[in-house]
Every structure is written in C-alpha cells, then in structure tokens.
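Per-entry structural report
Residue strings, one per chain:
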Amino acid sequence: MFKIIEKRQLSADVFYFKVEAPNIARNRKAGQFVLVQLNLDFGERVPLTIADANADEGWVVLVFQAVGATTYKLSLLNVGDSIGAILGPLGNPSIVEKQDKPVVIMGGGIGVAPCYPIVQAHKAIGNKVIVIIGARNKDLLIFVDEMKAIADDVIIMTDDGSAGRKGVITVPLDEMCKSQTPPAEVIAIGPPIMMKFACKTTEPYKIPTTVSLNTIMIDGTGMCGGCRVSVGDETKFVCVDGPEFDGHKVDFDNMMMRMKAFKPQETEAFHKCKLQAQA
C-alpha cells in the first residue's frame, strides 16, 4: 500500500499527490511513469507520469486530471489514505545531454507537471533552461513557482491574457528559433495539438524536438496495443518504446484520431461514477 502524505488541488480538476514510494523514488529517472491501481483486488490501472521525487525521503509526486472514473475516484482520496498498487518506474528515461545553447522545455496545461523533472535533470548537468508554460487562463496554470525556482527563465502564455503574455505557446518558441541564439533542442509535453504545432514551429529551423506521448497510454505494459503511434515509417508503442519520441516524425493527426476511440465510454463512466459518489 502507498500512503498519500500530501494532497493539493492545483486547478478545477487537477490534483497533486505526494505518495510514499521509496523504491520508485530511488530508481526513477526524468521522463518515466508509473501504473496506479486504486484497489489491489480489482480495478483499472492508469499510467501517470512522475512529476517529482525525493530518494532520501522516499516519496514521489503524481499530478493527474480527474477526467475518467478511475482518476475521479483517485481524486476523492485524502492525506492518510493509501493507494493499492503503484508499479514503476516504467518507460524509457529522457535523454539528457550537455548543450552549449539553451534547452527550451515547454508544457501545456497538465503537461507542465511532467516537464518539471526534465528541467531538474537538465539543470543538474549545467544546461541553460528556458521554460514556456501555456494554459487557457491563469486559473489553469500549474507548477509556475516550482519552475521559476530552478529554470533560467520562465515565460507564461495564456489564451486570454489573464497571466503573462496573451497568445499561444508557440509564439515565444518561434521568436527564440529566429533569434541569434536558437535553442539546442526543444522538449514539448501537453495536448497533442500543442505538441504538433510546436514541432511545426521548430522543423524549418532543424531544431531537434522531443515530445512525450503519455496521454495516449492505456494499459502501460504494451499488451493492449491502444497506445500505438506512427513514428516515421514505424509503428511504436508509447508505453514500451517511449514515452518520448522525435516529434518531427510523429503522425499527430492519426494519434489524435485514435485518442477519440474510447472517449464516449470514458465520459459515460466518469459521469456515472460522479453521480454514485454524490448520491
């Protein structure tokens, strides 16, 4: 059992859980994820990216959005409660190398949380890191203070201009690509449409761009095939081959189409679960 030692609500349906998991905390690396199962005897397993960890204190941070039945049930747990099973770390770690030019790490919405350990890893080896955070409005911004504490620069973008600059997240990215010191590489995590246009922005400048496709994962072990994506001329499974890939080779249109496959069932299960909890 994995005890919850801290809980925060970051926005309307986004939650922060700090959980006791010493073995995972000791072994995890930036970019990896875990499988969470609320009850040991039954229930869905959901893949969640590790947003932070402390090996000495033995905890990991999970940030998730309550959008389905299982994540909604998870959001109802409180400090002192325990999660039945957390398996990990899983997936291939981020490739972190010393660069002589800035590394741009950009996160959209809840995708900002899994960017945090990647920023930590790049700063640990001495890279200059510029973080771009995007959200629809100021109330949906997360991890701003955490990023400001470690990154060399943090740029905030909101669709409505309620915080930072008004506009989409690719605007400052394009400005940097055109500058005298373009990024050595770009890492983008967030909604598929945001990652797609981040890649379209960097491609003309031939700037290596990595994306994390964790949002399409279902089973997390490679058995269900639900997370298959086209990367170049190959079919890849995000949970075992990724979750990070060369963004210039990802077929985002196919990925976004496939992500809608179980949306009606997910929405129905979510609403049913919510009604049961409120009854």
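Worth saying up front: this structure is predicted, and the values here are computed from it rather than measured.

**Digging into helix H5 (residues 170-177)**
Listing the buried residues of H5 in full gives Thr170, Pro172, Leu173, Met176 and Cys177. Buried residues of H5, viewed axially, fall in a sector of 160°; they line one side. Buried positions along H5 lie against strand E8 (103-108), strand E9 (129-135), strand E10 (153-158), strand E11 (165-166), strand E12 (185-189) and helix H6 (192-202).

**Points about the state of the cysteines**
For the coordinates displayed, the defined rule picks out zero disulfides. Cys115 carries a free sulfur, and the closest cysteine sulfur to it, the one in Cys199, is 13 Å from it. Residue Cys227 stays outside any disulfide, its sulfur separated by 3.7 Å from that of Cys239, the closest cysteine. Exposure remark for Cys227: the relative accessible area of 2% places this residue in the buried category.

**Points about H6**
Across the eleven residues that make up H6, a large majority, eight, are buried. For H6, the set of buried residues is Pro192, Met194, Met195, Lys196, Ala198, Cys199, Thr201 and Thr202. On the buried face of H6, the contacting elements are E8, H5, E12, strand E13 (209-212) and helix H8 (252-259).

**Comments concerning the pairing of E12**
For E12, the buried fraction is high: five of the five residues fall into the buried class. Side chains Glu185, Ile187 and Ile189 of E12 all project onto a buried face; the interleaved residues Val186 and Ala188 project onto the opposite face, where all are buried too. Relative to E12, E8 runs parallel, the two being bridged by five bridges. Along E12, the bridge assignment pairs Ile105 with Ile187. Two elements, E12 and E13, share three bridges in a ladder whose sense is parallel.

**What to know about the packing of H5 against H6**
The N-to-C vectors of H5 and H6 enclose an angle of 20°; their axes lie 9 Å apart at closest approach. Here H5 is positioned roughly parallel relative to H6, judged by the angle of their axes. As H5 runs across H6, the sense of the crossing is right-handed. The segment H5 lies against H6, with Thr170, Leu173, Asp174 and Cys177 engaging Phe197, Ala198, Thr201 and Thr202.

**Quick word on the nonpolar core**
Grouped together as the largest cluster of nonpolar side chains are 32 residues, with contacts concentrated most on Met106, Ile132, Leu173, Val211, Leu213, Val238 and Phe252. It is H6 that provides the largest number of residues to this core, a total of four residues. Among all residues touching Leu213, those that are not within four sequence positions of it are Met195, Val229, Val238, Pro243, Phe245, Val250, Phe252 and Met255. Val103, Tyr116, Ala135 and Ile142 belong to the second largest nonpolar core, which has 30 residues in total.

**Some points on the pattern of salt bridges**
Enumeration over the complete set of coordinates arrives at nine salt bridges. Of the charged contacts in the structure, one is a salt bridge between Asp174 and Lys178, with a shortest N-O distance of 3.0 Å. Where Glu234 meets Lys236, a salt bridge forms, and the shortest distance between an N and an O atom there is 3.8 Å. By relative accessible area, Lys236 is classed as partly exposed at 23%. Each of Glu6, Arg8, Lys18 and Glu146 takes part in one network of salt bridges that share partners.

**What about the side chain of Thr201?**
Turning to its location among the elements, Thr201 is positioned in helix H6. Looking at Thr201, the relative accessible area reads 13%, which means it is buried. In terms of polar contacts, Thr201 uses its side chain to reach the backbone carbonyl oxygen of Phe197, at 2.7 Å. Dropping the residues within four chain positions of it, Thr201 is found in contact with Thr170, Leu173, Asp174 and Cys177.

**Details of the packing of aromatic side chains**
A full pass over the atoms with the stated rule returns four aromatic pairs. Consider the rings of Tyr16 and Phe143, whose centres lie 6.4 Å apart with planes at 40°: the pair is tilted. Highlighted residues: Tyr16 in strand E2 (residues 14-20) and Phe143 in the loop between E9 and helix H4 (144-150), separated in sequence by 127 residues. Phe143 shares its class with Tyr16; the two are buried. Ring centres of Tyr116 and Phe143 lie 5.5 Å apart, and the angle between their planes is 65°; on these two criteria the pair is classed as edge-to-face. Taken together, the residues span a long stretch of sequence, with Tyr116 in helix H3 (residues 112-124) and Phe143 in the loop between E9 and H4 at a distance of 27 residues. Across this residue pair, the class does not change: Tyr116 and Phe143 are buried. Every member of this aromatic cluster is reached through a ring pair, and the members are Phe15, Phe17 and Phe64. A cation over an aromatic ring shows up here: Arg8 above the ring of Tyr16, its NZ or CZ 3.9 Å from the ring centre. Over the aromatic face of Trp59 sits the side chain of Lys18, whose NZ or CZ is 4.2 Å from the ring centroid.

Basis of the calculations
- Residue positions within a chain follow its written sequence, with the count starting from 1.
- Only residues with pLDDT of at least 70 are given local features in this predicted model, and only at 80 or more are side-chain atom pairs given and counted; all residues enter the totals for whole chains, interfaces and linings.
- Hydrogen atoms and water are omitted, and side-chain values are computed over all heavy atoms in the structure.
- Categorising residues by exposure relies on relative accessible area from a 1.4 Å probe, with only protein chains included: less than 20% of the type maximum marks a residue as buried, more than 50% marks it as exposed, and the intermediate range marks it as partly exposed.
- Secondary structure counts use DSSP, requiring at least four H or I residues in a row for a helix and at least two E residues in a row for a strand, with both numbered from the N terminus.
- As used here, the arc is the angular range of directions from the helix axis to the C-beta atoms.
- Contacts: residue pairs with any heavy atoms within 4.5 Å of one another.
- When two cysteine sulfur atoms are found within 2.5 Å, that pair is recorded as a disulfide.
- Paired strands, in this sense, are two strands between which DSSP finds at least two bridges.
- Helix axes use the C-alpha atoms of the stretch in contact, all axes being lines fitted to C-alpha atoms, and the angles between their N-to-C directions lie in the range 0 to 180 degrees.
- Our angle categories are set so that under 35 degrees counts as roughly parallel, over 145 as roughly antiparallel, 65 to 115 as roughly perpendicular, and the remainder as oblique.
- Handedness of a crossing follows from how the near helix is turned relative to the far one, being left-handed for an anticlockwise turn of less than a right angle and right-handed for a clockwise one.
- Here the nonpolar core consists of buried residues drawn from Ala, Val, Leu, Ile, Met, Phe, Trp, Tyr and Cys, with membership extended through side-chain atoms lying within 4.5 Å.
- Here a salt bridge means any side-chain nitrogen of Lys or Arg lying within 4 Å of a carboxyl oxygen belonging to Asp or Glu.
- Throughout this description, a polar contact denotes any pair of N or O atoms lying within 3.5 Å of each other; where both atoms belong to protein, one of them has to be capable of donating a hydrogen while the other can accept it, and for residues adjacent in sequence the pair is counted only when both atoms sit in side chains.
- Pairing of aromatic rings covers Phe, Tyr and Trp, the last counted by its six-membered ring, and requires centre-to-centre distances within 6.5 Å; plane angles under 30 degrees mean stacked, over 60 mean edge-to-face, and any other angle means tilted.
- By the criterion adopted, a ring carries a charge over it if an Arg CZ or a Lys NZ lies within 6 Å of its centre and within 35 degrees of its normal.

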